[in-house]
Amino acid sequence: MGRDKALLPWPPAKFATISETLLSSAIKSLQYHCEVVLVVAGNNHAALRAVVDGFGAVLVRNPNPELGQFSSLQTGLRAVLNRGRDNAMITLVDRPPPATQTLAALIDEFASREHSIWAVVPAYRGKHGHPFLAGREMIEKFLKAPANENARQVEHANQERITYLSVDDASVILNLDTPEDYASLESERAL
């Protein structure tokens, strides 16, 4: 992206009357559905501190960000367990916050799941997305996986324990990896 994705204006500043950041928008969205919002940061922790503190979330620092994104997931999940929680709603910083009804549907599905189901993942037009909810069993699978694996490998190895919930919300599959991805959202908002 060439800059910290968490601090990108959201919604895209060109069309917003009040601009927040991708991170602050995600925190606000999740706060209505979660007891606590944890933000895992690596070398960018100092840059994110003001946003995280200003929106009432908790900053967790990944001591080894050079190990990659999966190490940040594991760091965050350890923090969840250390806070006495047994499940977590997990998302990435490069995803726009989903609609409130999407989050509510995920939580309802997770709350009514059978014991054999460890996670609920949103799906839009057959593509799996974020945020997803993980119970204690799935959290343990993520934590026991080798650092060189990734979340997708763990998910695929445990697919029979996951419910994929179809949602009518394209934001669950949007990724903002490049300036072009972000610019295309600005263009869509202009239409």
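Residues numbered from 1 in each chain as written. Predicted model: local features only at pLDDT ≥ 70, side-chain atom pairs only at ≥ 80, totals over all residues. Heavy atoms only, no water.

A. Molecular detail of the pairing of strand β6 (residues 119-124). With respect to burial, β6 is a largely interior element, 6 of its 6 residues being buried. Side chains A119, V121 and A123 project from β6 onto one buried face, and the interleaved V120, P122 and Y124 project onto a second face that is buried too. Where β6 and strand β9 (residues 162-166) come together, 5 bridges link them in parallel fashion. Of the residues in β9, the one forming a bridge with V120 is T163. (Buried < 20%, exposed > 50% of the residue type's maximum accessible area, 1.4 Å probe, protein only. Helix = DSSP H or I, 4+ residues; strand = E, 2+ residues; numbered from the N terminus. Pairing = 2+ DSSP bridges.)

B. Region of interest: the nonpolar core. With 22 residues, the main nonpolar core has L23, I27, V37, V39, L48, V52 and A57 as its most contacted residues. Elements with a contribution of two residues or more to this core: α1 (22-31), β3 (38-41), α2 (45-54), α4 (100-111) and β6. When neighbours within four sequence positions are excluded, L23 is seen to be in contact with A6, V39, L48, V51 and V52. Counting 19 residues, the second-largest nonpolar core is a separate cluster that includes L81, W118, F132 and A145. (Core = buried A, V, L, I, M, F, W, Y, C linked by side-chain atoms within 4.5 Å. Contact = heavy atoms within 4.5 Å.)

C. Fine view of the environment of Q159. Turning to its location among the elements, Q159 is positioned in the loop between α6 (151-157) and β9. Under the relative-accessibility criterion, Q159 is labelled partly exposed at 36%. Sequence spacing of Q159 and W118 is 41 residues, and the spatial spacing of their C-alpha atoms is 9.4 Å. With residues up to four places along the chain from it excluded, the contact list for Q159 reads H128 and Y164.

D. Here's a closer look at the pairing of β3. Of the two faces of β3, the one holding V39 and A41 is buried and the one holding L38 and V40 is not buried anywhere. As paired elements, β3 and strand β4 (residues 58-61) share 4 bridges and run parallel to each other. Across the sheet, residue A41 finds its bridge partner in β4, namely R61. Handedness of the crossover joining β3 and β4 through α2 is recorded here as right-handed. (Right-handed = clockwise from strand over helix to strand, strands pointing away.)

E. Inspection of the pattern of salt bridges at higher detail. All chains considered together, the criterion is met by 5 salt bridges. A salt bridge links E35 to R85; the shortest N-O distance between them is 2.8 Å. Here the residue E35 occupies a position in the loop between α1 and β3, and R85 occupies one in the loop between α3 (69-82) and β5 (88-90), the gap between them amounting to 50 residues. Across the pair R49 and D53 runs a salt bridge whose closest N-O atoms are separated by 3.6 Å. Linking R49 with D53, this pair stays in helix α2, spanning 4 residues, or about one helical turn. What makes D53 partly exposed here is its relative accessible area of 44%. The structure contains a network of salt bridges with shared partners spanning D86, R136 and E140. (Salt bridge = Lys/Arg side-chain N within 4 Å of Asp/Glu carboxyl O.)

F. Inspection of unusual backbone geometry at higher detail. A cis amide bond links H130 to the next residue, P131, at an omega of -5°. With respect to the helices and strands, the residue P131 is situated in the loop between β7 (127-128) and β8 (132-134). A positive phi angle, near 50°, is found at R125, a position not held by glycine. On the basis of relative accessible area, R125 is assigned to the exposed category, the value being 74%.

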